[in-house]
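Letter by letter, the chains look like this.
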Amino acid sequence: MATSLKNLSDYDKSKMPSAANMKFGIVVAEWNEEITEALYDGAYNTLIENGANPDNIIKKYVPGSFELTKGAKYMADYTDVDAVICLGCVIQGDTPHFDFVCDGVTQGITQLNLDYPIPFIFGLITTLNLQQAKDRAGGKHGNKGDEGAITAIKMVDMGWSLKK
């Protein structure tokens, strides 16, 4: 059964906490740069729209999506960010490489979320082809980067509210 995809950029801004006092790390894979830069633009712009200070957004690159986990760990270990957004794109090819990379990144980001007190946001697009990736990086389905920023803001806010 086919399901219609939600536009990833649609959200209720009235339900968003302010990001004014939050610090974010964004780790971006260089592989599939056309897509990952579009994801970054979406995440960055959404953070700014929700009050984040540009000086409180740190962008770092890793070579490919598989390296997102280590890059995110470095970000958590060597900066004082409140959340790390991991942005990458893996497009299926003719070999099982796709499966190994996707599984590794998924497990790695999950483990970081369990090991650290800050949220690590899964912003990895996994598609069958380039067009599907474009559709999710600012195309007809919105931008997964927007979704990552929204999730980061909400998760930081949740953590802060529980600390009180």
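Look a little higher up for the structure.
Below: a short report on this structure. Since the model is a prediction, treat every value here as computed from it, not as a measurement.

### Looking at the sheet that holds strand E3 (residues 83–91)
One open sheet accounts for four strands, arranged E2-E1-E3-E4; its pairing is parallel. Since the sheet does not close on itself, it has two edges, and those belong to strand E2 (57–62) and strand E4 (120–127), each with one partner. For this sheet the average axis-to-axis angle between neighbouring strands, irrespective of direction, equals 15 degrees. Packing of helix H1 (residues 33–49) onto the sheet brings it into contact with strand E1 (24–29), E2, E3 and E4, and relative to E3 it is tilted by some 155 degrees. This element, helix H5 (residues 144–163), spans E1, E3 and E4 of the sheet and lies at about 160 degrees to E4.

### Focus: H5
With 20 residues, H5 extends 29 Å from end C-alpha to end C-alpha; this agrees with the ideal 28 Å at 1.5 Å per step. Of the positions making up H5, those classed as buried are Lys-144, Gly-145, Asp-146, Gly-148, Ala-149, Ile-150, Ala-152, Ile-153 and Val-156. On the buried face of H5, the contacting elements are E1, H1, E3, E4 and strand E6 (142–143). Sitting at the head of H5, Asn-143 places a side-chain oxygen 2.6 Å from the backbone nitrogen of Gly-145.

### Observations concerning unusual backbone geometry
Even without being a glycine, Asn-32 presents a positive backbone phi close to 60 degrees. For Asn-32, a relative accessible area of 24% corresponds to the partly exposed category.

### A word on a nonpolar patch on the surface
A cluster of nonpolar side chains, namely Met-155, Met-158 and Leu-162, defines an oily patch on the protein surface of about 310 Å² accessible area. Checked against the element boundaries, Met-155 lands in helix H5. Residue Met-155 is classed as partly exposed on the basis of its relative accessible area of 37%.

### Considering the packing of aromatic side chains
Enumeration according to the criterion identifies three aromatic pairs in this entry. Ring geometry for Tyr-116 against Phe-120: centres 5.5 Å apart, planes inclined by 70 degrees, an arrangement best described as edge-to-face. If you follow Lys-59 out to its NZ or CZ, it ends over the ring of Tyr-40, 3.9 Å from the centre.

### Observations regarding the nonpolar core
Core analysis: the biggest nonpolar cluster contains 27 residues, and Phe-24, Ile-26, Leu-47, Ile-85 and Leu-87 have the highest contact counts within it. For this core, the elements supplying multiple residues, two or more each, are E1, H1, E3, E4 and H5. Broken down by element, the residue count for this core peaks at six residues, all from H1. When residues no more than four places from it in sequence are discounted, the contact partners of Leu-87 are Ile-26, Val-27, Val-28, Ala-29, Thr-36, Leu-39, Tyr-40, Ala-43, Leu-68, Gly-123 and Gly-145.

### Side note on the side chain of Asp-135
Assignment of secondary structure puts Asp-135 in helix H4 (residues 130–135). Here Asp-135 occupies a buried position and makes no salt bridge, while the nearest side chain of opposite charge, Lys-140, is found at 4.1 Å. Once you skip the residues sitting within four places of it in the chain, Asp-135 turns out to touch Lys-140, His-141 and Gly-142.

### Quick notes on the pattern of salt bridges
A side chain of one charge can pair with a side chain of the opposite charge if their charged atoms are brought near each other. Tallied over the entire structure, the rule returns six salt bridges. Note that Lys-13 and Glu-49 form a salt bridge whose closest N and O atoms lie 3.9 Å from each other. Here Glu-49 lies in helix H1 and Lys-13 lies in the segment before E1, a separation of 36 residues in the sequence. Classification of Lys-13 by relative accessible area gives exposed; the value is 52%. Given the relative accessible area of 53%, Glu-49 is considered exposed. Glu-37 is paired through a salt bridge with Lys-59; the nearest N and O atoms lie 3.0 Å apart. Residue Glu-37 is found in helix H1, and its partner Lys-59 is found in strand E2; the two are separated by 22 residues along the sequence. The class for Glu-37 is buried, based on a relative accessible area of 19%.

Each value, and the rule that gives it
- Residues numbered from 1 in each chain as written.
- Predicted model: local features only at pLDDT ≥ 70, side-chain atom pairs only at ≥ 80, totals over all residues.
- Heavy atoms only, no water.
- Pairing = 2+ DSSP bridges.
- Helix = DSSP H or I, 4+ residues; strand = E, 2+ residues; numbered from the N terminus.
- Axes fitted to C-alpha atoms, helices over the stretch in contact; angles between N-to-C directions.
- Contact = heavy atoms within 4.5 Å.
- Expected span 1.5 Å × (residues − 1).
- Buried < 20%, exposed > 50% of the residue type's maximum accessible area, 1.4 Å probe, protein only.
- Polar contact = N/O pair within 3.5 Å; in protein donor to acceptor, adjacent residues only side chain to side chain.
- Patch = residues over 30% accessible without salt bridge, like charges linked within 9 Å, V, L, I, M, F, W, Y side chains within 5 Å.
- Areas by Shrake-Rupley, 256 points an atom, 1.4 Å probe, with all protein chains shown as cover.
- Salt bridge = Lys/Arg side-chain N within 4 Å of Asp/Glu carboxyl O.
- Phe/Tyr/Trp six-rings, centres within 6.5 Å; stacked < 30°, edge-to-face > 60°.
- Lys NZ or Arg CZ within 6 Å of the ring centre and 35° of its normal.
- Core = buried A, V, L, I, M, F, W, Y, C linked by side-chain atoms within 4.5 Å.
- Lys, Arg positive; Asp, Glu negative; His and termini not counted.

All quantities given are derived from atomic positions and should not be read as evidence of function.
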